[in-house]
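# Results of the structural survey
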Amino acid sequence: MASVALSEAEKVYIVHGVQEDLRVDGRGCEDYRCVEVETDVVSNTSGSARVKLGHTDILVGVKAEMGTPKLEKPNEGYLEFFVDCSANATPEFEGRGGDDLGTEIANTLYRIFNNKSSVDLKSLCISPREHCWILYVDVLLLECGGNLFDTISIAVKAALFNTRIPRVRVLEDEEGSKDIELSDDPYDCIRLSVEHVPCIVTLCKIGYRHVVDATLQEEACSLASLLVSVTSKGVVTCMRKVGKGSLDPESIFEMMERLFLQAP
């Protein structure tokens, strides 16, 4: 994870401000920064999106390729996640510095999408046990300015919304052999429903309070954070703690309560 060095005086200033519900940039503890979302930004993908949140900049591309369904789910397609931590994002990612973080982010994405309601995987099946669509979701970290997981989840959802999958016809001849025909009409395609695709909300514990959309400076003052993956309907698909510190049950209940009070 990208980090920033702070003096003890700077940490005290940030922590005391959070206790008074006043952050360095003027936000309250439960206020997000403005989010910029741009879709269809990469021409050679099935779908793409770029999201900027503060100084965090994420690019996501989705590539649809035909493959074979998994043995345990013969009538479904599936998603594969790859995360690249660019050395331009922070010097800490030079060499293999970003590999561990990339693996952690990919594993988190697998966890939040590991349920039947997030994406209709059956719509990605072309013919059971034989052909399906595999969506390769590539995440590129261009700049790290705090609140990485939330920004990535927004970018992935926007890229899936932008994804266009060619419509397929399975033709069978008299001998029983099958032939697959792809539509060459760019408007004759399948669009994914992202209504139930979750987004991550990260709550950073700072002192006796918590903040959302933490900056790098605020993350340096937090020993533990709670990642909550939640849908627009309020369904929690994943929850995990990150950081070296601990969170007592009372703090977790308080965070969850504030999270759902803010939800529309």
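Keep in mind the model is a prediction, meaning the values are calculated, not measured. (Residues numbered from 1 in each chain as written. Predicted model: local features only at pLDDT ≥ 70, side-chain atom pairs only at ≥ 80, totals over all residues. Heavy atoms only, no water.)

### Some words on the packing of helix α2 (residues 99-112) against helix α3 (residues 148-162)
Relative to each other, α2 and α3 sit at 55°, their axes nearing to 11 Å. Considering their axes alone, α2 and α3 lie oblique with respect to each other. Of the two possible hands of crossing, α2 and α3 adopt the one that is right-handed. Residue-level inspection shows Leu 101, Glu 104, Ile 105, Thr 108 and Leu 109 of α2 in contact with α3, the latter providing Leu 148, Phe 149, Ile 152 and Val 156. Residue composition of the contact of α2 with α3, grouped by class: seven nonpolar, one polar and one charged. (Axes fitted to C-alpha atoms, helices over the stretch in contact; angles between N-to-C directions. Helix = DSSP H or I, 4+ residues; strand = E, 2+ residues; numbered from the N terminus. Parallel < 35°, antiparallel > 145°, perpendicular 65-115°, else oblique. Left-handed = near helix turned anticlockwise from the far one by under 90°. Contact = heavy atoms within 4.5 Å. Nonpolar A, V, L, I, M, F, W, Y, C, P; charged D, E, K, R; others polar.)

### What about α2?
Residues that lie three or four places apart on an α-helix share one face, since the helix turns once every 3.6 residues. Taking 1.5 Å per residue as the helical rise, α2 with its 14 residues ought to reach 20 Å, and the 20 Å between its terminal C-alpha atoms agrees with that figure. Along α2, the residues that are buried comprise Leu 101, Gly 102, Ile 105, Ala 106, Thr 108, Leu 109 and Ile 112. For α2, the buried positions fall inside an angular range of 160° around the axis, keeping them on one side. Along its buried surface, α2 packs onto β4 (78-85), β6 (131-143), α3, β11 (199-206), β13 (224-230) and β14 (236-242). (Expected span 1.5 Å × (residues − 1). Buried < 20%, exposed > 50% of the residue type's maximum accessible area, 1.4 Å probe, protein only. Arc of directions from axis to C-beta.)

### Description of the packing of aromatic side chains
The geometry of an aromatic ring pair is captured by the separation of the ring centres together with the interplanar angle, meaning the angle of the planes. The full count for this structure, using the stated rule, is three aromatic pairs. Summarising the aromatic geometry, the rings of Phe 81 and Tyr 110 are spaced 5.2 Å apart at their centres and angled 85° between planes, so their arrangement reads as edge-to-face. Of the two residues, Phe 81 sits in strand β4 while Tyr 110 sits in helix α2, which places them 29 residues apart along the sequence. Judged by relative accessible area, Phe 81 falls into the buried class, the value being 4%. On the basis of relative accessible area, Tyr 110 is assigned to the partly exposed category, the value being 33%. With centroids separated by 5.4 Å and ring planes inclined at 40°, the aromatic side chains of Phe 81 and Phe 113 adopt a geometry described as tilted. Taken together, the residues Phe 81 in strand β4 and Phe 113 in the loop between α2 and β5 (125-127) connect sequence positions 32 residues apart. By the burial criterion, Phe 81 is buried, and Phe 113 matches it. Aromatic rings pair up to connect Phe 81, Tyr 110 and Phe 113 into one cluster. (Phe/Tyr/Trp six-rings, centres within 6.5 Å; stacked < 30°, edge-to-face > 60°.)

### Considering the sheet that holds strand β12 (residues 209-212)
Spatial ordering of the open sheet is given by β12-β11-β13-β14, a layout of four strands whose pairing is antiparallel. Both edges of this open sheet fall to β12 and β14, since each of them pairs with a single strand only. Sheet twist, expressed as the average angle between the axes of neighbouring strands with direction ignored, equals 20°. Of the pairings in the sheet, the one linking β11 to β12 comprises four bridges and is antiparallel in character. (Pairing = 2+ DSSP bridges.)

### Considering the UniProt feature "domain: Exoribonuclease phosphorolytic" (unreviewed entry) in the protein chain
In the numbering used here, UniProt assigns the feature "domain: Exoribonuclease phosphorolytic" (unreviewed entry) to residues 32-166 and 196-257. End C-alpha atoms of residues 196-257 are separated by 21 Å, and the span's content is 21% helix alongside 42% strand. (UniProt positions renumbered as here; feature names shortened; annotations may be inferred.)

### Considerations on the pattern of salt bridges
Taken as a whole and assessed by the stated rule, the structure comprises seven salt bridges. For Lys 233, the salt bridge is made with Glu 195, and the minimal N-O distance between the two is 3.9 Å. Of the two residues, Lys 233 is situated in the loop between β13 and β14 and Glu 195 in the loop between β10 (189-191) and β11; the sequence distance between them amounts to 38 residues. Here Lys 233 falls in the exposed class, since its relative accessible area comes to 59%. Assessed through its relative accessible area of 44%, Glu 195 is described here as partly exposed. One network of salt bridges, in which partners are shared, links Asp 25, Arg 27, Arg 33 and Asp 213. (Salt bridge = Lys/Arg side-chain N within 4 Å of Asp/Glu carboxyl O.)

### Some details on the nonpolar core
Of all hydrophobic cores here, the largest spans 43 residues; its most connected members are Val 139, Leu 141, Val 156 and Leu 160. When residues in this core are grouped by element, the largest group, eight residues, is from α3. Val 201, Leu 203, Val 212 and Leu 259 belong to the second-largest nonpolar core, a separate cluster that totals 11 residues. (Core = buried A, V, L, I, M, F, W, Y, C linked by side-chain atoms within 4.5 Å.)

### A word on helix α1 (residues 8-19)
Its 12 residues give α1 an end-to-end C-alpha distance of 17 Å, which sits within 8% of 16 Å, the value for a rise of 1.5 Å per residue. Those residues of α1 not exposed but buried are Ile 14, Gly 17 and Val 18. Along the long axis of α1, the arc covered by the buried residues comes to 100°, so they all point the same way. Exposed positions of α1 whose direction lies more than 90 degrees from the buried face are Glu 8, Ala 9 and His 16. Among the structural elements, β11, β12 and α4 (216-219) are those in contact with the buried residues of α1. Asp 21 sits one or two positions beyond α1 and adopts a positive phi of about 60°.

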